[in-house]
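# Observations on the three-dimensional arrangement
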Amino acid sequence: MSPPGGRGGSKVPPARKLLCMCSLSLCLTYLCYSLMGGTGPGALRSPLNLQSSPAALRSPLPLQEALLPSPTRAGNSSRRRGPAELAAAPGWPRTSLAPGEMITAAPSGAAERDPQESSTTDEELSRGAGSTTTPDYGEQRLPQALIIGVKKGGTRALLEAIRAHPDVRAVGVEPHFFDRNYEKGLEWYRNVMPKTLEGQITMEKTPSYFVTNEAPKRIHSMAKDTKLIVVVRNPVTRAISDYTQTLSKKPEIPTFEVLAFKNRTLGLIDASWSAIRIGIYALHLENWLQYFPLSQILFVSGERLIIDPAGEMAKVQDFLGLKRIVTEKHFYFNQTKGFPCLKKPEDGSAPRCLGKSKGRTHPKIDPDVIQRLRKFYKPFNVMFYQMTGQDFQWEQEESNK
Ligand SMILES: Nc1ncnc2c1ncn2[C@@H]1O[C@H](COP(=O)(O)OS(=O)(=O)O)[C@@H](OP(=O)(O)O)[C@H]1O
């Protein structure tokens, strides 16, 4: 049985596909128009019934190209040979965490720091680079693979799991190079990276790259063969998670229900609110496809990363051309946390769950608002499935509730 998030999960007849592509192309155009202020900034009623909008007459985005059948993933056929081939130790990683990193040793309750919660400073970056997982040899290299999003998708869980691989070295903090720190230059970026041996992959994660307009071009100009990983999650749940994070820092903000609408009586969703906008994955992906072929982007299901972390990690390792070393043996389900955690490493340190800013309890949201948001996202989700060739089954997931 192929997993719900797996490639080729949706078979759509060509004629329907074309029809779907056309209507979704129009609705994406309308969305761009709306965001640019065509109907008031970010105000959207329903993308599908606005195809007669003047903006729909011109389609700025080469969607046909994006919707072509996807080629075979480049990474699958070119497995890397790193030091792990020679010394593949089963069990938990030889990697250790930097002081102050956000993964906590569960029983000790040690201080955690979530880089997403606060801006990363230069000082933190240089500390992070030197001490994450790196012995004091090798070279600092620019990353060959990036986790580019999405915010609240499960990016931290994915990074920590892939860091368990001996052929991967990653920065613990988020460098935000391609959005906030680009003017500092590539040498600054390289200096943020841990040292690696020949054959090891350097990685970082900064979830805001996925929604940064300039990021694809910038990454492409650094290295056009950079492998990109996007962890996606049901956009409605993602929006609530995003809101929950903001609420934890600013308890005085209005309710989710208030922020979600431009005009609640008219049912106008406020797509200019970042919590909503980030979840329009098709819109952002279109930007990446101007620079990178689909075969260079791996989409990981945030939902499956929780229910089957080893399954998703197999796909990630294949994509990166790595031997499958991170397997089910590395995970256990922690009942208290309610999430999978990394098993006790062989060096005797404690098992590792993500910190308390991951897996927060979400506030209860008015079911009508949730319903309205589902309707809002549905056409964009369908478009995203078409573009990626993967059905993430968010609609099915919702109808089961
Ligand atoms: N193993 C494990 N442990 C804890 N949490 C997990 C795990 N796997 C995925 N998740 C989900 O990750 C969500 C946070 O996503 P990110 O790490 O991308 O957030 S951030 O953008 O870096 O702030 C977080 O969202 P919330 O549940 O809304 O807090 C989790 O649902």
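Since the model is a prediction, treat every value here as computed from it, not as a measurement. (Residues numbered from 1 in each chain as written. Predicted model: local features only at pLDDT ≥ 70, side-chain atom pairs only at ≥ 80, totals over all residues. Heavy atoms only, no water.)

### A few points about the overall build of the chain
- Helix and strand counts for the chain come out as 16 helices and 14 strands.
- Once local pairs closer than 6 in sequence are excluded, the contacts in the chain between residues at least 24 apart make up 77%. (Helix = DSSP H or I, 4+ residues; strand = E, 2+ residues; numbered from the N terminus. Contact = heavy atoms within 4.5 Å.)

### Section: the UniProt feature "binding site: 3'-phosphoadenylyl sulfate" (unreviewed entry) in the chain
- Using the residue numbers shown here, the UniProt feature "binding site: 3'-phosphoadenylyl sulfate" (unreviewed entry) corresponds to K152, G153, G154, T155, R156, R233, S241, K358, G359, R360, T361 and H362.
- On the basis of relative accessibility, which here comes to 11%, the residue K152 falls in the buried class.
- Relative to the assigned elements, G154 resides in the loop between β4 (145-149) and α6 (155-162).
- Every residue in contact with G154, bar those within four places of it in the chain, is listed here: V231 and L305. (UniProt positions renumbered as here; feature names shortened; annotations may be inferred. Buried < 20%, exposed > 50% of the residue type's maximum accessible area, 1.4 Å probe, protein only.)

### Quick look at the sheet that holds β4
- Read from one edge of the open sheet, five strands run β5-β7-β4-β8-β11, paired in parallel fashion. Both edges of this open sheet fall to β5 (168-170) and β11 (297-301), since each of them pairs with a single strand only. Strand-to-strand, the axes of this sheet are offset by a mean angle of 25 degrees, without reference to chain direction.
- Running over the sheet, helix α14 (residues 309-319) touches β8 (227-232) and β11 and is turned about 170 degrees from β11. (Pairing = 2+ DSSP bridges. Axes fitted to C-alpha atoms, helices over the stretch in contact; angles between N-to-C directions.)

### Structural notes on the packing of helix α12 (residues 281-288) against helix α15 (residues 367-388)
- Relative orientation of the contacting elements α12 and α15 amounts to 35 degrees, with a least axis distance of 8 Å. Two secondary-structure elements touch here, α12 through Y281, A282, L285 and E286 and α15 through F380, M383, F384, M387 and T388.
- Class assignment for the residues of the contact of α12 with α15 results in seven nonpolar, one polar and one charged. (Nonpolar A, V, L, I, M, F, W, Y, C, P; charged D, E, K, R; others polar.)

### Section: the pairing of β4
- Burial analysis of β4 places five of its five residues in the buried class, the great majority of the element.
- Bridging between β4 and strand β7 (residues 201-205) involves three bridges; their strand directions are parallel. Residue pairing across strands places L146 opposite E204, the latter belonging to β7.
- The pairing of β4 with β8 spans four bridges and is classified as parallel. Of the residues in β8, the one forming a bridge with L146 is L228.

### A word on unusual backbone geometry
- Along the chain, G149 connects to V150 via a cis peptide bond; the corresponding omega equals -10 degrees.
- Positive phi is not limited to glycine here, since H176 has a value of about 50 degrees.
- Inspection of the secondary structure assignment puts H176 in the loop between β5 and α7 (186-192).
- Exposure remark for H176: the relative accessible area of 4% places this residue in the buried category.
- Residue Q393 is not a glycine yet carries a positive backbone phi of 60 degrees.
- Among the secondary structure elements, Q393 is positioned in the loop between α15 and α16 (394-399).

### Here we look at the environment of E257
- Of note, E257 is situated in helix α10 (residues 256-259).
- In sequence terms E257 and V369 are 112 residues apart; their C-alpha atoms lie 6.6 Å from each other.
- Apart from residues lying up to four places away in sequence, E257 is in contact with R264, K364, I365, D366 and V369.
- A polar contact of 2.8 Å, which involves the side chain of E257, links it to the backbone nitrogen of D366. (Polar contact = N/O pair within 3.5 Å; in protein donor to acceptor, adjacent residues only side chain to side chain.)

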